[in-house]
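Chain residues, written in single-letter form:
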Amino acid sequence: NPPSIITPSCCRKVCGFLREVLNAVLVPPVVAVLVAIIIGLIPGMREVFVDTNGGDGDSPLEFLFNALVLFGRAAVPMNMLIVGGNLATIPSLASIEWSATIASVTGKMFISPAIALAIIHLARQFLFPNPSPDVQAALVVAFIVTATPTANNLSVMAEMGGGPACKQALTTMTFMMYCLSPVVLTGWLMAVIV
């Protein structure tokens, strides 16, 4: 018999790796989206949560859906509070890792929007030669998303994954992006609109 390449230690390593991947991928927001897709795809299940016939609120679990809608409306103000809390503790200039900060800010505020601008320009030429106002608005919004400072939920992920020092570094980068964003975003919007 030839020696088996599948050994118990190999299986444990593969299982451990798969467990790590699943733990990284199946975070609560992803699980919520997957559950919502499943509920939406099962005939009759969506009507249990959302009144799709008439809008008179007679679905059995519509109260749960309405509560989730209220939480969703509160998400942006809560995120702004988190951003403010993260930006309230800016480190001294001597403790900033300038090369990483400049590289991050340059990538997010200049390189990413430049690539998006090129894609939008190509889309306007080849896909939407005479875009409707809705398509124009969608293209501008898509561009703005690439040119705005990084999302504040990254600081939560940074702290969970790398600890307080990682969160502090990301907070510094975010602060620099917010400092530059009025000037940089105005310039990029002028480039897109013109």
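Quick caveat: nothing in here was measured; it's all calculated off a predicted structure.

### With respect to the overall build of the chain
Part 1 of the reasoning: Across its full length, the chain carries eight helices and zero strands.
Part 2 of the reasoning: In the chain, the order of α-helices and β-strands from amino to carboxyl end is α-α-α-α-α-α-α-α.
Part 3 of the reasoning: Expressed as a percentage of the 194 residues in the chain, the buried residues total 21%.
Part 4 of the reasoning: At a minimum sequence separation of 6, the contacts of the chain that also span at least 24 residues come to 68%.
Part 5 of the reasoning: For the chain, the exposed surface amounts to about 13,500 Å²; the carbon and sulfur share of it is 74%.

### Details of the packing of helix α6 (residues 133–147) against helix α8 (residues 164–193)
Describing two packed helices takes the angle between their axes plus the distance from one axis to the other.
Part 1 of the reasoning: Packing of α6 against α8 brings their axes to within 11 Å, and their N-to-C directions diverge by 150°. One element, α6, and the other, α8, form an angle in the roughly antiparallel class. As α6 runs across α8, the sense of the crossing is right-handed. Seen from α6, the contacting residues are Val-140, Phe-143, Ile-144 and Ala-147; seen from α8, they are Leu-185, Trp-188, Leu-189 and Val-192.

### Some remarks on the environment of Ala-169
Part 1 of the reasoning: Here Ala-169 is to be found in helix α8.
Part 2 of the reasoning: Taking the relative accessible area as the measure of exposure, Ala-169 reaches 34% and is therefore partly exposed.
Part 3 of the reasoning: It is 8.8 Å that separates the C-alpha atoms of Ala-169 and Ala-100, two residues lying 69 residues apart in sequence.

### Examining the side chain of Thr-101
Part 1 of the reasoning: Secondary-structure assignment places Thr-101 in helix α5 (residues 98–127).
Part 2 of the reasoning: Accessibility expressed as a relative area gives 4% for Thr-101, which makes it buried.
Part 3 of the reasoning: Not counting residues within four places of it along the chain, the set of residues in contact with Thr-101 comprises Ile-96, Thr-172, Met-173 and Met-176.

### Concerning the environment of Pro-149
Part 1 of the reasoning: Mapped onto the elements, Pro-149 comes out in the loop between α6 and α7 (153–162).
Part 2 of the reasoning: Given a relative accessible area of 14%, Pro-149 falls into the buried group.
Part 3 of the reasoning: Taking the C-alpha atoms as reference points, Pro-149 and Tyr-178, separated by 29 residues in sequence, lie 6.0 Å from one another.
Part 4 of the reasoning: Leaving out residues up to four positions away in the same chain, Pro-149 has contacts with Lys-108, Met-109, Met-177, Tyr-178 and Ser-181.

### Comments concerning the nonpolar core
Part 1 of the reasoning: Val-105, Met-109, Phe-143, Ala-147 and Trp-188 are the most contacted members of the largest nonpolar core, which has 14 residues in total.
Part 2 of the reasoning: Considering each element in turn, this core owes the most residues, six residues, to α8.
Part 3 of the reasoning: Leave out the neighbours within four places in its chain, and Met-109 touches Ala-147, Thr-148, Pro-149, Met-177, Leu-180, Ser-181, Val-184 and Trp-188.

### Focus on the packing of α5 against α8
Part 1 of the reasoning: Contact geometry for α5 and α8: axes closest at 10 Å, N-to-C directions at 25°. Taken together, α5 and α8 sit at an angle that is classed as roughly parallel. When the axes of α5 and α8 are compared, the crossing they make is right-handed. Contacts from Trp-98, Ala-100, Thr-101, Ser-104, Val-105, Lys-108, Met-109, Phe-110, Pro-113, Ala-114, Leu-117 and Arg-124 in α5 reach Thr-172, Met-173, Met-176, Met-177, Leu-180, Ser-181, Val-184, Trp-188, Ala-191 and Val-192 in α8.
Part 2 of the reasoning: For the contact of α5 with α8, the residue count by class is 16 nonpolar, four polar and two charged.

### A word on the side chain of Ser-181
Part 1 of the reasoning: Topologically, Ser-181 is positioned in helix α8.
Part 2 of the reasoning: When residues no more than four places from it in sequence are discounted, the contact partners of Ser-181 are Met-109, Pro-149 and Thr-186.

### Considering α8
Part 1 of the reasoning: For α8, which comprises 30 residues, the first-to-last C-alpha distance of 40 Å matches the rise-based estimate of 44 Å (1.5 Å per residue) to within 8%.
Part 2 of the reasoning: The axis of α8 is deflected most strongly, by about 55°, at Ser-181, and proline Pro-182 appears within four residues downstream.
Part 3 of the reasoning: The set of residues buried in α8 consists of Leu-170, Thr-171, Thr-172, Met-173, Thr-174, Met-176, Met-177, Ser-181, Val-184, Leu-185, Trp-188 and Val-192.

Each value, and the rule that gives it
- Residues numbered from 1 in each chain as written.
- Predicted model: local features only at pLDDT ≥ 70, side-chain atom pairs only at ≥ 80, totals over all residues.
- Heavy atoms only, no water.
- Helix = DSSP H or I, 4+ residues; strand = E, 2+ residues; numbered from the N terminus.
- Buried < 20%, exposed > 50% of the residue type's maximum accessible area, 1.4 Å probe, protein only.
- Contact = heavy atoms within 4.5 Å.
- Areas by Shrake-Rupley, 256 points an atom, 1.4 Å probe, with all protein chains shown as cover.
- Axes fitted to C-alpha atoms, helices over the stretch in contact; angles between N-to-C directions.
- Parallel < 35°, antiparallel > 145°, perpendicular 65-115°, else oblique.
- Left-handed = near helix turned anticlockwise from the far one by under 90°.
- Core = buried A, V, L, I, M, F, W, Y, C linked by side-chain atoms within 4.5 Å.
- Nonpolar A, V, L, I, M, F, W, Y, C, P; charged D, E, K, R; others polar.
- Expected span 1.5 Å × (residues − 1).
- Bend = angle between axes of the 7 residues up to and from the residue.

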